[in-house]
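Architecture and fold: a report
Below, each chain spelled out in residue letters.
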Amino acid sequence: QVQLVESGGGLVQPGGSLRLSCAASGNIRSINIMGWYRQVPGKERELVADVTNVGTTNYSDSVKGRFTISSENAKNTVYLQMNSLKPEDTAVYYCNVKGTYSRSWYIQAFNSWGQGTQVTVSS
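A brief structural summary.

Overview of the pattern of salt bridges
Evaluation of the coordinates by the stated rule reveals 4 salt bridges. A salt bridge links Arg38 to Asp89, with the shortest nitrogen-to-oxygen separation between them at 3.0 Å. Pair noted here: Arg38 is in strand β4 (residues 28-39) and Asp89 is in the loop between β8 (77-82) and β9 (91-103), with a separation of 51 residues, a long-range link. Looking at Arg38, the relative accessible area reads 7%, which means it is buried. Accessibility expressed as a relative area gives 2% for Asp89, which makes it buried. We note a salt bridge from Lys64 to Asp61, for which the minimum N-O separation is 3.9 Å. The exposed category is assigned to Asp61, whose relative accessible area is 68%. When salt bridges that share partners are traced, they join Arg38, Glu46, Arg66 and Asp89 into one network.

Cut-offs and rules
- Residues numbered from 1 in each chain as written.
- Predicted model: local features only at pLDDT ≥ 70, side-chain atom pairs only at ≥ 80, totals over all residues.
- Heavy atoms only, no water.
- Salt bridge = Lys/Arg side-chain N within 4 Å of Asp/Glu carboxyl O.
- Helix = DSSP H or I, 4+ residues; strand = E, 2+ residues; numbered from the N terminus.
- Buried < 20%, exposed > 50% of the residue type's maximum accessible area, 1.4 Å probe, protein only.

Following this line, the structure appears as structure tokens:
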């Protein structure tokens, strides 16, 4: 199994900043893509940003220019730096990692989710 532990959420004023972290652990062979999603009550989970194993990044139009996703491959960790936060950014943020892991003679794909961390932007 591959486990994800995320942290960094909290309450901030509009215009403030937060940095989310997500660390993956387990018998990881390779990671193909890491990303951040968010969800508000009554709505579907949506992609915020992701980064591939070759360094390609992708951002939602609503966060482009304000958020930055980065990864530290040696630690199997992904970060989301959030600046100029708006009330519309309020949501539960989930980390997602896709890749492969090894166990005995087998190589299996995985798609793991973090437990979620609350981000609240309010005056």
